[in-house]
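Residue strings, one per chain:
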Number of protein chains: 6
Amino acid sequence: MFMPRKILEEKLRQLLAEDVGQGDVTSAAVVPAGLTVEAAVVAKEAGIAAGIEETNVLAESLGLSAKAEVADGEKIRNGQIIMKISGNAQTILAAERTMLNLLSRMSGIATTTRRLAEKLKKAKATAKIAATRKTAPGLLYFDKKAVLVGGGDPHRLRLDDMILVKDNHVAIAGSVEKAVKKAKQNAAFSKKIEAEVTSTADALKAVEAGADIIMLDNFSPKQIKDAVEALKKAGFFGKVLLEVSGGITEQNLLEYASTQVDVISMGALTHSVKALDISLEIAKVK
Amino acid sequence: MFMPRKILEEKLRQLLAEDVGQGDVTSAAVVPAGLTVEAAVVAKEAGIAAGIEETNVLAESLGLSAKAEVADGEKIRNGQIIMKISGNAQTILAAERTMLNLLSRMSGIATTTRRLAEKLKKAKATAKIAATRKTAPGLLYFDKKAVLVGGGDPHRLRLDDMILVKDNHVAIAGSVEKAVKKAKQNAAFSKKIEAEVTSTADALKAVEAGADIIMLDNFSPKQIKDAVEALKKAGFFGKVLLEVSGGITEQNLLEYASTQVDVISMGALTHSVKALDISLEIAKVK
Amino acid sequence: MFMPRKILEEKLRQLLAEDVGQGDVTSAAVVPAGLTVEAAVVAKEAGIAAGIEETNVLAESLGLSAKAEVADGEKIRNGQIIMKISGNAQTILAAERTMLNLLSRMSGIATTTRRLAEKLKKAKATAKIAATRKTAPGLLYFDKKAVLVGGGDPHRLRLDDMILVKDNHVAIAGSVEKAVKKAKQNAAFSKKIEAEVTSTADALKAVEAGADIIMLDNFSPKQIKDAVEALKKAGFFGKVLLEVSGGITEQNLLEYASTQVDVISMGALTHSVKALDISLEIAKVK
Amino acid sequence: MFMPRKILEEKLRQLLAEDVGQGDVTSAAVVPAGLTVEAAVVAKEAGIAAGIEETNVLAESLGLSAKAEVADGEKIRNGQIIMKISGNAQTILAAERTMLNLLSRMSGIATTTRRLAEKLKKAKATAKIAATRKTAPGLLYFDKKAVLVGGGDPHRLRLDDMILVKDNHVAIAGSVEKAVKKAKQNAAFSKKIEAEVTSTADALKAVEAGADIIMLDNFSPKQIKDAVEALKKAGFFGKVLLEVSGGITEQNLLEYASTQVDVISMGALTHSVKALDISLEIAKVK
Amino acid sequence: MFMPRKILEEKLRQLLAEDVGQGDVTSAAVVPAGLTVEAAVVAKEAGIAAGIEETNVLAESLGLSAKAEVADGEKIRNGQIIMKISGNAQTILAAERTMLNLLSRMSGIATTTRRLAEKLKKAKATAKIAATRKTAPGLLYFDKKAVLVGGGDPHRLRLDDMILVKDNHVAIAGSVEKAVKKAKQNAAFSKKIEAEVTSTADALKAVEAGADIIMLDNFSPKQIKDAVEALKKAGFFGKVLLEVSGGITEQNLLEYASTQVDVISMGALTHSVKALDISLEIAKVK
Amino acid sequence: MFMPRKILEEKLRQLLAEDVGQGDVTSAAVVPAGLTVEAAVVAKEAGIAAGIEETNVLAESLGLSAKAEVADGEKIRNGQIIMKISGNAQTILAAERTMLNLLSRMSGIATTTRRLAEKLKKAKATAKIAATRKTAPGLLYFDKKAVLVGGGDPHRLRLDDMILVKDNHVAIAGSVEKAVKKAKQNAAFSKKIEAEVTSTADALKAVEAGADIIMLDNFSPKQIKDAVEALKKAGFFGKVLLEVSGGITEQNLLEYASTQVDVISMGALTHSVKALDISLEIAKVK
């Protein structure tokens, strides 16, 4: 996910504009108009930094000078200065909350993702952790980027990305087999086709019908192993990717990881974010 | 917070457009173009409904027919049908995730807010629970609305709302007293002035300088009680509102509530949302 | 009202874009493409400068060099050079009218506001002059800013600002008392509540119901004095702000100001603006 | 100026959205959510109606039912009901001010324009009254439309309309002759060319160089007559249009009109509008 | 590519708004305001219809009644009525050119695509014809949709779609092998990886490095056959898709198609469109 | 057509944003983040350069350094370097296709326009070649600009430009005479009036009714000559402009040019563009 800086700037300023409304009445009333200050963005708990690039781009696009002390994806300690920002005091104060809200949310997502990814790594699991489309509406780019920074896979970016045949498509098509066949027939050659299945039998049918990826929906680790066996028997194992989704928590993650699946996706990475506590402190009034 | 429906529609469709991108390739490939279906939006866990109005407005604005089975603010049981939506199958499937993401986030916020509000109510506390500006960037309206639906106070809507003198303003102004005086002098008559303070002494000075509301920042319950006493002594108690913020959790909430403060604000209500699990199921293919 | 410069730039360029349409056909046909010129923005009548910051920001955002000779809020004489702008000739000519339209309107508003504010000051009245929401649609920010620059109070910025119970709300609620009580019950703690009343009796009821500000609608100076007496008698005077609106002109202003009200609001400040005559003259072709 | 209704709707809702911000907090707090009311839009002074179509389109686009009692361009009496609007009470109250601001401004413009146009008509002058580009920024369409409704000519809609060589273009080109020649050479065949001149000599040169319209800038009636004579002598009279601009007031209008010019343009029509007093009254709560 | 109708409407109205500007001055001057007419959209040459859905949606969204006589993808004869539109005359005339421009361009693209696709079909070639990203800027959705309607493959929708390693990426990475390996390592699991190669040797290396699709860039039919042989020998044939691009014309298409490639992509489908001649005729004035 | 650079930038970035979507996944995966490269924009066929200014503005607005080797309107040879661009590699690659698509389309339009314009020049024809409103929707500015650069006349920019009475307006008005009279009566004085006619008789009537320009629609060269004779006889020739449109090709152009018409307009200039082949090559990795 590379976004030309100027286009990113516009996305970020739009978020800021929402919070500014008709203007920052407090800074206007209390802070002298031309005052220059230095501020430090400080972590109030440990985690993984994400949103550094975005905060930097927003600050600089507002005419502020910003210097990141930590790069996206790096560890941050409680109390550590993440970034130094200097420039017009009213501008810094007007942008403070938007910058922190983005930084805290993205770092929160990256922190959780990294913790899970490390867990898989330590257990030498081959599976990678992935996000879903259960992002905050409007923040798709930032939520996915934070998962990437944390070491996860962003999964489908949106509805125009990969074909993903889900339960409701199957309900309409009549069977997963019919749905995948239709997808195979109509999809652009550039698209992968993934099918969500609820049984081993359907997994086999989906593969036969041409799916590139199978999502085992709400399978227990035991059921996954059975599915893997059946795919091996049928000669399909290794020829399709296996994703598992539903019912996975930090606690049972390793159990799922032991099943030879390729991808473990968790909606909670982005729908139930725990923000990282980060604040901005005026360090020096010039 | 009343938003004319047509303006709300446009906000909602913009969120949908982000997820749709160049089109829903799966529905295009798998679902017949003119097909009509009925779908049920079903709760997968108990909580408080929020986002019902928004989902309804979005669905209807897309030409779908939507019937809410639950109103915003009502309790929902695990397994309960929250809303019925019928109409063009491709449209329903393309909007499904955006509708659910909004509904899950807003209901998650409302559920937590309500639980805390009920806790205060049972304890006969006079304080009310309030949000902060720590919302997801871009979702300010929806996050604040969900807090309201849950029974909380939305607090400042954005920077152009109330004057709120915070630590960084004080650092620039030199003292809370100076900051509040400047605010009092420059603010529009229609604005309340709130001041964040870190000591009882500053609380008194802020009131004297003309603050309408005092935010006791990171005060322990004990420190709050001392501040209340000091305000009573000085004859200010009851003439200003007292807000407390920082360090408050579900666990220690009642301790804080026992201190005679008017408002207890918690950033976590909107920055660390636990989404309510809600799904959409095609119930009938016509 | 502090607006980060980059966000202000975008607002201003949007106004310019409307006037430019598919391009300035005259400058394209008549002015050499790379030509650099110096221009002077000159006052054609005396008044108070407003819109200087906005013009400056727009000019600089277009790559022009701008130097204000007068600051917002300062007096300008007929014939005085307000600002010097130099740079690309086609750009200056394409932006000329938009810059002047904004400058003339804002300076016109500030000039009238200042004249009235000075009148009050000379009469040692404690009341301040305030705007209303009767602005030019789309120009809210600029109209309110100009009132501020002129020394007036901007009043409510928009519908999401203070609670203001007006005649139509009262008509629906049944009485001003009921309306204010409902407002008190439902409003966020951060909002002031103002009530428009048409009689002294209603003024008293509104205060009792919890209003922070009372707007005496179309009261004569005599009626205002009666209301003030009644409020004093009831012990409310000094505890609520008093605003008077309706029927006030430059001629009778001091009569109203003699009544101990806090705020005198006049819609004409922004709905019936007399633009200040300002022009731009190419001073030197390089 | 015909604008497809749906495109007009979007322009209008954008104006409304500015005033609504995060929502109408008063109506939300005081007015029951599903309540239906009837309202009357009432003139508080006599004048010419304009903005009726726009108000109607905005109201209907918000789901309200609107019935104009007066058409654009018709006379309205003090006290007359201009329009009846019924529907959701919160929506009516949230849109009230935006509708009235537009209606008052446009009717104010139309009223003045009509008065001047009638004056010319009574005097059997052949000149028509015209607007300039001195409109409120962002309101170009509405200001020009109001002039049209009042019986005036909208003049150039914006910079991409007709070629208009003004003083600053002449300053750059060296002479009005050179400027017009360049314009003639480079302009699209579909564009008229107008030249602003400050002397009869220049008027003649501009015509010779190919101008279709001559704007006599700040000419006295006497000077205009001299110019007309010179043009007649040179055989140009009747072959170009003559516009006069600068220094014209309601008082001296007929003097100017007696000079055989075709167009009399006045910036004040749109830069110094006197809004017509119009209000909205809830007539019936259902 | 399924786009919810309301989102498509907004895209289409934005295109219309560009052409309307400040209003249709001709229809305003010549056509009575409330007049209703019937119009026929008529083909002036034979071809394949595309843009029918879009024209229909735009017309209906403007309040017109539209009835397609031909569906997207169907053949149209010279002189055939494609669509009937009735409703407000000014609206029809204001939207006429935008509707026809879209319809003509999309039908032109579909007509060429179909002709080539039919050629391949008749020759029993297995290859399918595909578009590239060489679309008209801003019209990506419509250009790709037209290719689809014509029977072609839309290829990558935009930069966030499939990974496509091109010559410039290879120049930076050092070799196609290194580039594909980096892509394989960093890409989301949901993305296919395509590599553009200029030699058979590179084709083999790209496949070994993990590419899913190989684009043979500017290969002659003879060179393609050699590459196919080499891939067969290496056991890769049938495991990756083969795309050929560059130097393909309608004349030599079948030669390329005889080479067992899967996809033949041609930029000219969208960068050098021959519009289909279509016009709108007022059929009946009511 | 002069567009202030900053407004042009925003138009261009919007076009880029469409292609970027959620980010350039290929460059993100394959190209190192901070890498700087030099690239050359190279012509792959001879033609006339157009879009140089636009490409330059887009590149520089993205923070790239761009140096045009050829100016808009100049000839380019096959193999010639048109522009050098250096800077961030990911940014260059993400913007490559949008820059080339614009450059190729605009240069294609300019190349054809120039070829036709030169043909007229060589034949010493007085007619000039002109575009129509048959542009690609959304690209009006760029298509018209390219025609200008090629030496053609842009004709009406959009519906708010000149009055153009076409067949459908005539059908509604009853006759071309009535339509032109209505236009004359209602049009702003700043607008020219053109009328499309299908017979010499109508041409005469249109001129009598006040048309400034006559469009001879689908007249053969012979018919045009007859019309010219008739206009001469009636004393109108030279007093109105004559435009011919319909049925004109590169082959028969000179036949039409020999008829003394002023303007020859061809829709194909913009509706059936042959893009000029231009590519971007990374020349040096720093």
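Residues numbered from 1 in each chain as written. Chains lettered and ligands numbered in written order. Predicted model: local features only at pLDDT ≥ 70, side-chain atom pairs only at ≥ 80, totals over all residues. Heavy atoms only, no water.

1. Brief notes about the overall build of chain A
In terms of regular secondary structure, chain A is built from 11 helices and 12 strands. Within chain A, contacts between residues separated by at least 24 positions form 70% of all contacts whose residues are at least 6 apart in sequence. Summed over its atoms, the accessible surface of chain A is roughly 9,800 Å², and 50% of this surface lies on carbon and sulfur atoms. Of the side-chain charges in chain A, 40 are positive and 35 negative, and the distance between the mean point of each set is 3 Å. (Helix = DSSP H or I, 4+ residues; strand = E, 2+ residues; numbered from the N terminus. Contact = heavy atoms within 4.5 Å. Areas by Shrake-Rupley, 256 points an atom, 1.4 Å probe, with all protein chains shown as cover. Lys, Arg positive; Asp, Glu negative; His and termini not counted. Charge placed at Lys NZ, Arg CZ, Asp CG, Glu CD.)

2. Regarding the sheet that holds strand β8 (residues 193-197) of chain C
All names here are of chain C. Across the sheet, which stays open at both edges, the six strands sit in the order β6-β11-β10-β9-β8-β7 with parallel pairing between neighbours. Looking at the sheet topology across the chains shown, the edges are occupied by β6 (128-130) and β7 (163-165). For this sheet, the mean inter-axis angle between neighbouring strands, taken without regard to orientation, is 25°. Examined bridge by bridge, β6 and strand β11 (residues 263-265) share three bridges and lie parallel to one another. In the sheet register, I129 faces β11, and the bridge partner there is I264. Packing against the sheet, helix α4 (residues 89-122) makes contact with β6 and β11, and its axis sits at approximately 155° to β6. (Pairing = 2+ DSSP bridges. Axes fitted to C-alpha atoms, helices over the stretch in contact; angles between N-to-C directions.)

3. Re the side chain of B:E9
Mapping B:E9 onto the fold places it in helix α1 (residues 5-20). With sequence-adjacent residues up to four places away left out, B:E9 is seen in contact with B:V57 and B:S61.

4. Focus on the interface of chain E and chain F
Across the contact, 63 residues belong to chain E and 63 residues belong to chain F. When chain E packs against chain F, the two sides together hide about 5,100 Å² of surface, and 58% of this comes from carbon and sulfur. Where chain E meets chain F, there are two salt bridges. Between E:D19 and F:R133 there is a salt bridge; the shortest N-O distance is 2.4 Å. Connecting chain E to chain F are 32 residue pairs in polar contact (both at pLDDT 80 or more). Only α1 (5-20), α2 (25-30), α4 (89-122), β7 (163-165), α6 (167-173), α7 (176-186) and β12 (278-285) of chain E provide two or more residues apiece to the side of chain E that touches chain F. If one sorts the elements of the side of chain E that touches chain F by residue count, α4(E) sits on top with eight residues. When the residues that make up the side of chain E that touches chain F are grouped by side-chain class, the tally is 33 nonpolar, 14 polar and 16 charged. (Buried area = accessible area lost by both parts, 1.4 Å probe. Salt bridge = Lys/Arg side-chain N within 4 Å of Asp/Glu carboxyl O. Polar contact = N/O pair within 3.5 Å; in protein donor to acceptor, adjacent residues only side chain to side chain. Nonpolar A, V, L, I, M, F, W, Y, C, P; charged D, E, K, R; others polar.)

5. Comments concerning the packing of helix α8 (residues 200-209) of chain D against helix α9 (residues 221-233) of chain D
Residue and element names in this part refer to chain D. For the pair α8 and α9, interaxial distance at closest approach is 9 Å and the crossing angle is 40°. In terms of axis orientation, α8 runs oblique to α9. Here α8 runs over α9; the crossing is right-handed. Across the interface between the two elements, T200, L204 and V207 from α8 touch Q223, D226, A227, A230 and L231 from α9. (Parallel < 35°, antiparallel > 145°, perpendicular 65-115°, else oblique. Left-handed = near helix turned anticlockwise from the far one by under 90°.)

6. As for the pairing of strand β10 (residues 241-245) of chain C
Residue and element names in this part refer to chain C. Of all five residues in β10, four are buried, a share of seventy percent or more. With five bridges joining them, strand β9 (residues 213-217) and β10 adopt parallel strand pairing. Directly across from M215, in β10, lies its bridge partner E243. In this sheet, β11 lies alongside β10 in parallel orientation, the contact comprising three bridges. The partner of E243 across the bridge, within β11, is V263. (Buried < 20%, exposed > 50% of the residue type's maximum accessible area, 1.4 Å probe, protein only.)

7. A closer look at the pattern of salt bridges
Applying the stated criterion to the full structure yields 120 salt bridges over all chains. A salt bridge links C:K44 to C:E281; its shortest N-O distance comes to 3.0 Å. Taken as a pair, C:K44 in the loop between β1 (36-43) and β2 (47-48) and C:E281 in strand β12 (residues 278-285) lie far apart in primary sequence, 237 residues in all. We classify C:K44 as partly exposed; its relative accessible area is 36%. C:E281 sits in the partly exposed class, given a relative accessible area of 31%. Between F:K166 and F:E196 there is a salt bridge, with the nearest N and O atoms lying 3.6 Å from each other.

8. Quick word on the relation of the copies chain A and chain C
When chain A is fitted to chain C, the best match, at an RMSD of 0.0 Å, comes from turning it 120° and sliding it 0.0 Å along the axis. The transformation relating the two chain copies, once decomposed into turn and shift, fits a three-fold axis. Closest approach to the rotation axis among the C-alpha atoms of chain A is made by A:E10, whose C-alpha sits 5.8 Å away. (Least-squares fit on C-alpha atoms with pLDDT ≥ 70 in both.)

9. Re the environment of E:A46
For E:A46, the location among the structural elements is in the loop between β1 (36-43) and β2 (47-48). Between the C-alpha atoms of E:A46 and E:S107, which are 61 residues apart in sequence, the distance is 10.0 Å.

10. Here's the deal with unusual backbone geometry
The backbone phi angle of B:K124 is positive, close to 55°, even though this residue is not glycine. Take B:K124: it is sitting in the loop between α4 (89-122) and β6 (128-130).

11. Here we look at the relation of the copies chain E and chain F
The transformation that overlays chain E on chain F combines an axial shift of 0.0 Å with a rotation of 180°, and the residual RMSD is 0.0 Å. Viewed as a symmetry operation, the transformation between the two copies matches a two-fold axis. The fraction of interface residues of chain E whose copies in chain F are also interface residues reaches 100%, indicating that both copies meet through the same surface.

12. Here we look at the interface of chain A and chain C
With 16 residues of chain A at the contact, the number on the chain C side is 12 residues. Carbon and sulfur atoms make up 64% of the area that chain A and chain C hide from each other, which totals about 1,200 Å². Summed over the shared surface of chain A and chain C, the result is one salt bridge. A salt bridge links A:R13 to C:E10; its shortest N-O distance comes to 2.5 Å. Secondary-structure elements contributing two or more residues to the side of chain A that touches chain C are α1 (5-20), α2 (25-30) and α4 (89-122) of chain A. Here the side of chain A that touches chain C gets four residues from one element, more than from any other, and that element is α1(A).

13. Description of the environment of F:M83
Residue and element names in this part refer to chain F. In this fold, M83 is placed in strand β5 (residues 81-88). Owing to a relative accessible area of 0%, M83 belongs among the buried residues under this scheme. Between the alpha carbons of M83 and L280 there is a distance of 9.2 Å; along the sequence they are 197 residues apart. Contacts of M83, omitting those with residues within four sequence positions, involve A39, A40, V41, I52, T55, N56, A66, K67, A68 and E69.

14. Section: the domain arrangement of chain A
The extent of an interface is frequently quoted as the accessible surface area lost upon association of the parts. All names here are of chain A. When the domains of chain A are assigned, the result is domain 1 (5-110 + 274-285) and domain 2 (118-271). Here the C-alpha centre of domain 2 lies 36 Å away from the C-alpha centre of domain 1. Tallying the contact residues gives 15 residues for domain 1 and 12 residues for domain 2. For the pair domain 1 and domain 2, the summed buried surface comes to about 1,100 Å²; carbon and sulfur atoms form 71% of the total. At the boundary of domain 1 with domain 2, the tally comes to three salt bridges. Taken together, the connections running from domain 1 to domain 2 amount to four residue pairs in polar contact (both at pLDDT 80 or more). Of all elements in the fold, only α1, α3 (52-61) and α4 reach the threshold of two or more residues within the side of domain 1 that touches domain 2. In terms of residue count, α4 provides more of the side of domain 1 that touches domain 2 than any other element does, five residues in total. Of the residues that constitute the side of domain 1 that touches domain 2, the class distribution is nine nonpolar, one polar and five charged. (Domains from an automatic or database assignment.)

15. A short note on the packing of α1(B) against helix α3 (residues 52-61) of chain B
All names here are of chain B. Orientation of α1 relative to α3, taken along the N-to-C sense of each, is 80°, at an axis distance of 9 Å. The angle between the axes of α1 and α3 places the two elements in the roughly perpendicular class. Residues R5, L8, E9, L12, R13 and L16 of α1 lie in contact with α3, whose contacting residues are E53, E54, N56, V57, L58, E60 and S61. Each residue belonging to the contact of α1 with α3 can be placed in one class, and the counts come to five nonpolar, two polar and six charged.

16. Observations regarding the nonpolar core
With 437 residues, the main nonpolar core has A:I85, B:I85, D:I85, D:I214, D:I264, F:I214 and F:I264 as its most contacted residues. Excluding residues that lie within four positions of it along the chain, D:I214 makes contacts with D:E194, D:A195, D:V197, D:A203, D:A206, D:V207, D:V240, D:L241, D:L242 and D:E243. (Core = buried A, V, L, I, M, F, W, Y, C linked by side-chain atoms within 4.5 Å.)

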